[in-house]
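# Structural characterization, general
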Amino acid sequence: MAINQFLTFVLPKKPIEEKYGGIPKQLEIKHAEWEKYWENYDMELNDAPEPEFEDAISTKWWKGIQIDIAELRNEIDKIITRAEWNGGTSWKTEKAEFDHDLSIDFNEKENYIEDFRFRTDLTDSTLTFIKSMLDLCDREEWILMDDKGNLCEPKIQNLAELIKDSDADRFLRNPIEFFENIK
């Protein structure tokens, strides 16, 4: 991951509203548990076991949400170039000055999205990629989550609040200070 990219998870709004009686400001992400999980992950297996803990990332928010995955892939193809990789479907800007990417892990057997995320290159002042993604999320009634579990509606001003003080934002504002403060 490039340091100037901002990671955003895409989640369906309805199951979160049903679970919490509305949209909370933040969902829990168990970072220490994920670190242990990835330390014990065997890349040779190429099929990750389910985490033994539940948090905002491991919860199957998309299960039960009707998605025409072919139609969704076609919609995303209009935004960014597709690249097949590691069994999932990924997209990446190709031969461009900006480094955006997107991935969707789709469970073909059970017909649901397991993981949907994208990374925005914050050096892209055109905002074309991010505006297209926000429009798609808004149309489909999806919400956004950052890597700290903070949630927001798919509006540019809401996402800007999540980006503010992210690692990518701190790096772009002052790279020397950013590296001096790495633990």
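The notes below deal with the structure included here. All residue numbers here refer to positions counted from 1 along the written sequence of the relevant chain. Confidence filtering applies because this is a predicted model: local features only for residues at pLDDT of at least 70, side-chain atom pairs given and counted only at 80 or more, and all residues used for totals across whole chains, interfaces and linings. Values shown for side chains rest on all heavy atoms present in the structure; no hydrogens or waters enter the calculation.

## Describing the packing of aromatic side chains
Rules: By convention, a stacked pair of Phe, Tyr or Trp rings (six-membered ring in the case of Trp) has centres within 6.5 Å and planes under 30 degrees apart, an edge-to-face pair has planes over 60 apart, and any other such pair is tilted. Only runs of H or I of at least four residues qualify as helices and only runs of E of at least two qualify as strands under DSSP, and these elements are numbered from the N terminus. Residue burial is assigned from relative accessible area. The probe radius is 1.4 Å, only protein chains are included, and a residue is buried under 20% of its type maximum, exposed over 50%, and partly exposed in between.
The tally for this structure, following the rule as stated, stands at eight aromatic pairs. A ring pair is formed by Trp34 and Phe53, whose centres lie 5.0 Å apart and whose planes are at 85 degrees; its orientation type is edge-to-face. Of this pair, Trp34 sits in helix α2 (residues 31–39) while Phe53 sits in the loop between α2 and α3 (69–77), and the two are 19 residues apart along the sequence. For the pair Trp34 and Phe53, a shared accessibility class is recorded, and that class is buried.

## Describing the pattern of salt bridges
As a reminder, the rule being used: Here, a salt bridge means any side-chain nitrogen of Lys or Arg that lies within 4 Å of a carboxyl oxygen of Asp or Glu.
Counting across every chain of the model gives 14 salt bridges. A salt bridge links Glu108 to Arg73, with the shortest nitrogen-to-oxygen separation between them at 3.7 Å. Here Arg73 lies in helix α3 and Glu108 lies in the loop between β4 (101–107) and β5 (112–121), a separation of 35 residues in the sequence. The exposed category is assigned to Glu108, whose relative accessible area is 54%. On the accessibility criterion, Arg73 (15% relative accessible area) is buried. Linking Asp77 and Arg82 is a salt bridge whose minimum nitrogen-to-oxygen distance equals 2.6 Å.

## A short note on helix α4 (residues 128–140)
Quick reminder of the rule: In this analysis, the expected span of each helix is defined as 1.5 Å times one less than the number of residues it contains. Arc, as used here, means the arc of the directions from the helix axis to the C-beta atoms. Two residues form a contact once any of their heavy atoms are found within 4.5 Å.
When the terminal C-alpha atoms of α4 are compared, their 19 Å separation across 13 residues agrees well with the 18 Å that a helix rising 1.5 Å per residue should span. Inspection of α4 places Phe129, Ile130, Met133, Leu134, Leu136 and Cys137 among the buried residues, and these make up the whole buried set. When α4 is viewed along its axis, its buried side chains cluster within an angular range of 160 degrees and face the same direction. Next to the buried residues of α4 lie β1 (5–12), α3, β4, β5, β6 (142–145) and α5 (156–163).

## Observations concerning the nonpolar core
Put simply, the rule is: Remark: nonpolar core denotes a set of buried residues (Ala, Val, Leu, Ile, Met, Phe, Trp, Tyr, Cys) joined through side-chain atoms within 4.5 Å.
Core analysis: the largest hydrophobic core is formed by 27 residues, its most contacted members being Leu72, Ile113, Phe116, Trp142 and Leu159. If sequence neighbours within four positions are ignored, Leu72 has contacts with Ile67, Ile104, Ile113, Phe116, Leu136 and Trp142.

## Observations regarding the side chain of Asp146
Put simply, the test is: His residues and chain termini do not enter the charge count, which takes Lys and Arg as positive and Asp and Glu as negative. Any pair of N or O atoms that falls within 3.5 Å is considered a polar contact. Within protein, one atom must be able to donate a hydrogen and the other to accept it, and sequence-neighbouring residues count only if both atoms are side-chain atoms.
Secondary-structure assignment places Asp146 in the loop between β6 and β7 (151–152). Buried charged residue Asp146 carries no salt bridge. Nearest counter-charge: Lys148, at 5.1 Å. Reaching out from Asp146, the side chain makes a polar contact with the backbone nitrogen of Gly149 at a distance of 3.0 Å. Here Asn150 takes part through its backbone nitrogen, which lies 2.9 Å from a polar atom of the side chain of Asp146. Setting aside anything within four residues of it in sequence, one finds Asp146 in contact with Phe6, Leu7, Phe9, Ile29 and Leu162.

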